[in-house]
Amino acid sequence: MTREEKLQLLSELCLEFGPTGSERYVAKVIKEKLGDIEYTVDRLGNIIVHIPGEGAPKLMVSAHMDEVGFIINEITDDGYLKFDTLGGIDPRVMCGKYVTVEGKEGFIPGVIAAKAIHHQNADERKKVTPHKSMYIDIGATSREEAESLTEPGNSATFDSEFVIFGEDGAFIKSKAIDDRIGCAVLLDLLGRLPKNCPFDLYFCFTVREEIGLSGARTVAHAIDPDFCIVLESTAVADLPDVPESRRVAKLGDGCAISLRDNATIYDRDFVNFALEAAKKKGVAAQIKKYVSGGNDAGSIHRSVDGVRALAISVPSRYIHSPANVISTADYLSMSELVLAIIENGKEL
Amino acid sequence: MLDIFKKISAAHGVSGAESDTAGVIAELMTEYTDDIRIDNLGNLIACRHGVGENRKKIMLCAHMDEIGFMATFIEKNGFIRIAPIGGINYTAVALTRVRSERGVRGIIAPEAKTKPADFRAENFLIDIGAKDEKEASRRVKIGDCFRFDNDQIKLLGSRVCGHPADDRIGCAVLVDIARQLHGEDIKDDVYFVFSVQEEVGCRGSKTAAFAVEPDISLAFDVTATGDTPSATPMACELGRGAAIKIKDSSVICDPTLVDELIEVAKDKKIKYQLEVLLYGGTDTSSMQMTGAGSRAGALSIPTRYIHSANEMIDMADAQACADLAAEYIRRGE
């Protein structure tokens, strides 16, 4: 794939609809992209592509299809939609944002609203409005009208453009980069695997990471891999008011390899091997310094009789918001880093 | 057992970096077991085959890992920022000596003027005596783990203190059980599992139990006591014998197994006490619930000042745990 094609692929995947539990829309697009490549789908909806390598150790490479979003739990008499969150979203990034709501026939546009600043008392202005006091306005004027368009249990996600900006297109802004970027890299890698691959490979597009790391759990149990690589995005905290020691990683310095997060202590030999492989191939990579977050590795490494785990994350600003910001170079380097690891796999 | 405990306790083994400890234990266990292996996560699994018909699988488990700190960042002035590994009581560890897996020594200190009530990982630093960042980064790499640098010392009677008792004393008990059973025919298959990553959520014992599929499982770990001034009331004391666990916050032990252990202790006149731990979990729960489940229990070693650099135990209690378990295994079912 050319740079343009890679950006086009990422854009297409990011703009697809797929909050946790409602991954079927983005899953459909991924299946189309797989074309002639054989795949299986398990009971939870995880998509698994097996690239056999006889007698070789099993390597599972995974990315999750779901994104953070909202689930409608009530329709008011006035035709507003009350909602709950799917995954961790800061209520401060919700208010005033456009959303796409799963309707009875196709998607419908909406906006997240709350009491305007004019109507808030002094106390309310000092506090963060909780999401329970917000609602989605879909332009319906009555309960009946809203009920004819959508229903409780349907989900919603941010409606936000995919934008390339900065000098020579150095940065990308979009919703759902977490973790469509991993999905895009898996699709890119499928056409580029070395002939004598030293692994029995399983590429997995998982569901329900944002709530409970559930999809990866059942896939890992079914595959029983020796190794796993989780492709992800990680928060970076490279903001002016964060001291150097609390910053997780740096945009543009390559993908971040985790030593430890809140769900996993990564296999040290695997981490060192990955850093060495990156160096050998001249691919940028950095260590994720500050301990934060968690990902599918948390459930995979504890599966069956244990899996040696690695996580590779593209550093992402403003994660879990309508505007994740990443470095284009970091995105493009992710496939190369995974390839470097696979190519040197015999030494692992 | 004291010598073995000291030897195991001296090895580095912060959660996720237990290989030094595994090496020391593997050397001790090779003589006493039929096969020995290390799994994907780093658990050390040694097996003694039984000779009985319809033999069962008994899994004995003690964790090799200890709490500690991971270096996350080196400041310009050479101080090292840390992330905690396991449950840290910052008041208890302030200004304690630490040592890295590469052997670099230092102390862990709060930032000046931090009130004890505000102690958190974010305001603690490790000082290795470096002049600046350049000197520090030659000796410490991001990701290096530090452990408490406190050798075991003998106090009055059979009491010992240092770091870590949690859970190298359990590991020493397992080695002693294997030693006691060496050369004897035993009825059941016994798996001696030295697990990893207990302090961060009982992760290792889960995958080890999946592989072993035990019928009966026993954890060996430390437990709190109620025998210090103003302690939270708890019927568990140093020197009163092996503590047969009835429950902690992660598990309710198999009541039949508890009764069987009490019976063996009474028969053999081994000192025991009963343990109900109000907080804290152990590998017992992951062995109980992995796969199709097992009949699970635990023998605990009463320990004062848990998760400090000076955990205090009575070696007689540890010996009682080993004697009780060895006798239980001899009897078969």
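As the structure is a computational prediction, the values presented were derived from the model and not from experiment.

Parameters and conventions
Residues numbered from 1 in each chain as written. Chains lettered and ligands numbered in written order. Predicted model: local features only at pLDDT ≥ 70, side-chain atom pairs only at ≥ 80, totals over all residues. Heavy atoms only, no water. Pairing = 2+ DSSP bridges. Helix = DSSP H or I, 4+ residues; strand = E, 2+ residues; numbered from the N terminus. Axes fitted to C-alpha atoms, helices over the stretch in contact; angles between N-to-C directions. Domains from an automatic or database assignment. Contact = heavy atoms within 4.5 Å. Buried area = accessible area lost by both parts, 1.4 Å probe. Salt bridge = Lys/Arg side-chain N within 4 Å of Asp/Glu carboxyl O. Polar contact = N/O pair within 3.5 Å; in protein donor to acceptor, adjacent residues only side chain to side chain. Nonpolar A, V, L, I, M, F, W, Y, C, P; charged D, E, K, R; others polar. Buried < 20%, exposed > 50% of the residue type's maximum accessible area, 1.4 Å probe, protein only.

Let us look at the sheet that holds strand β6 (residues 96-100) of chain B. All names here are of chain B. Spatially, six strands are ordered β4-β5-β8-β7-β6-β9 in a closed barrel, and the strand pairing comes out antiparallel. Between one strand and the next, the sheet's axes are offset by a mean angle of 40 degrees, whatever the strand orientation. Where β6 and strand β7 (residues 105-110) come together, four bridges link them in antiparallel fashion. Bridge pairing in β7 links Thr96 to Ile108.

Okay, the domain arrangement of chain B next. Residue and element names in this part refer to chain B. When the domains of chain B are assigned, the result is domain 1 (2-66 + 163-331) and domain 2 (68-148). Once you take the C-alpha centre of each, domain 1 and domain 2 turn out to be 31 Å apart. Contacts between the two partners involve 16 residues from domain 1 and, on the opposite side, 14 residues from domain 2. Between domain 1 and domain 2, roughly 1,100 Å² of surface is buried when both sides are summed, and carbon and sulfur atoms account for 61% of that area. Its largest share of buried area at the contact with domain 2, domain 1 owes to His12, Val14 and His307, together 44% of the area lost on that side. Ionic pairing is found between Arg147 and Glu66, a salt bridge with its closest N-O pair at 2.7 Å. Remark: the boundary between domain 1 and domain 2 carries five residue pairs in polar contact (both at pLDDT 80 or more). Within the side of domain 1 that touches domain 2, the residues separate by chemical class into six nonpolar, seven polar and three charged.

All names here are of chain B. Within strand β2 (residues 44-48), five of the five residues are buried, which leaves it mostly tucked inside the rest of the structure. Judged by which residues are buried, β2 turns out to be covered on both faces: Leu44, Ala46 and Arg48 on one side and Ile45 and Cys47 on the other are all buried. Here strand β1 (residues 35-38) runs beside β2; their pairing, made up of four bridges, is antiparallel. Bridging across to β2, Asp35 finds its partner in Cys47. Counted along the chain from β1 to the antiparallel partner β2, the turn is five residues long, and its residue Gly42 has a positive phi close to 110 degrees. Taken together, the five bridges between β2 and strand β12 (residues 189-195) define a ladder with antiparallel strand orientation. Note on β12: the bridge partner recorded for Arg48 is Val190.

Let's shift gears to the sheet that holds strand β10 (residues 153-154) of chain B. All names here are of chain B. Taken in spatial order, the three strands line up as β10-β11-β18 in an open sheet, and their pairing is antiparallel. Strands at the two margins of the open sheet, each flanked by one partner only, are β10 and β18 (311-314). Each of β11 (159-162) and β18 touches helix α9 (residues 315-331); the most contacted strand, β18, lies at about 60 degrees to it.

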